[in-house]
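Single-letter residue listing:
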Amino acid sequence: MTDPVFSRREAVTFTPDGSPRTYNIVPLTFRERQAFRAELAREGGLYPPRMQLIAALRGAVQEIAPDNAPALLTDIDAAEATPDDVGAQTRLASIEAIAAEVPIYAALLAARERYLGTLPWVAARHALRGWDGPSLPPFRRERGSVPADLLDSLPDAEIEAIGWKASALMQPNASAEGNSVAPSPSPETPAPTTEG
């Protein structure tokens, strides 16, 4: 279930699965999202896009140079062209597993893992506005975010759950997208003319 965003500052009370604690999370404003993205880039690096990974995967296959390299490259092309083809994606996953040890590909996988591992922590730092429950220290924010040492006192699983919830709140969902209506034209706007 998704929570509609009615106000950019309306807090959502969130309880991670199995936790006795609750957390108050807000959708970030435009400026807060920029601060979040800047910190995410500093802490987690950049997320390598799929196109870059596919190119590195081709390079890894060429570096390994197995006898069936042309067939593997054809499989990569097929998986790229048909992302919904389960068979093509299964073959791609097998190639990725083999190529995971090749430095050209392994470096991008590591960058992706670092980014994805850091994202929930940074999102939680920026979106948390309070908490309640056992074994929690007093909540505080400093300079627009929860201090790292305070956030690190939470269980890892809860930080991840909070962060992914905060990340989801940054993205407008279908119910939120319809909450704003385009402004009507001003009365001074001339009507279009048709030349005959």
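For the structure itself, consult the block above.
Residues numbered from 1 in each chain as written. Predicted model: local features only at pLDDT ≥ 70, side-chain atom pairs only at ≥ 80, totals over all residues. Heavy atoms only, no water.

Novice: Outline the environment of tryptophan 131, supporting the account with residue identities and numerical values.
Specialist: Tracing the sequence through the fold places tryptophan 131 in strand β3 (residues 128-132). Tryptophan 131 sits in the buried class, given a relative accessible area of 12%. Residues tryptophan 131 and threonine 22 lie 109 residues apart in sequence; the distance between their C-alpha atoms is 5.7 Å. Within the structure, tryptophan 131 has its side chain in polar contact with the backbone oxygen of proline 137 (distance 2.8 Å). (Helix = DSSP H or I, 4+ residues; strand = E, 2+ residues; numbered from the N terminus. Buried < 20%, exposed > 50% of the residue type's maximum accessible area, 1.4 Å probe, protein only. Polar contact = N/O pair within 3.5 Å; in protein donor to acceptor, adjacent residues only side chain to side chain.)

Novice: Tell me about the sheet that holds β3, and please be specific about residues and values.
Specialist: Here we have 3 strands laid out as an open sheet, ordered β1-β2-β3, and antiparallel in their pairing. In this open sheet, the two strands that pair with only one neighbour each are β1 (12-14) and β3. Strand-to-strand twist across the sheet, computed as the mean angle between neighbouring axes with direction ignored, equals 25 degrees. Of the pairings in the sheet, the one linking strand β2 (residues 22-25) to β3 comprises 4 bridges and is antiparallel in character. By the bridge assignment, asparagine 24 is partnered in β3 with glycine 130. Contacts from helix α5 (residues 103-127) reach β2 and β3, with the element oriented near 90 degrees to β3. Its contacts with the sheet place helix α7 (residues 156-170) against β1, β2 and β3, and it is angled at close to 30 degrees to β2. (Pairing = 2+ DSSP bridges. Axes fitted to C-alpha atoms, helices over the stretch in contact; angles between N-to-C directions. Contact = heavy atoms within 4.5 Å.)

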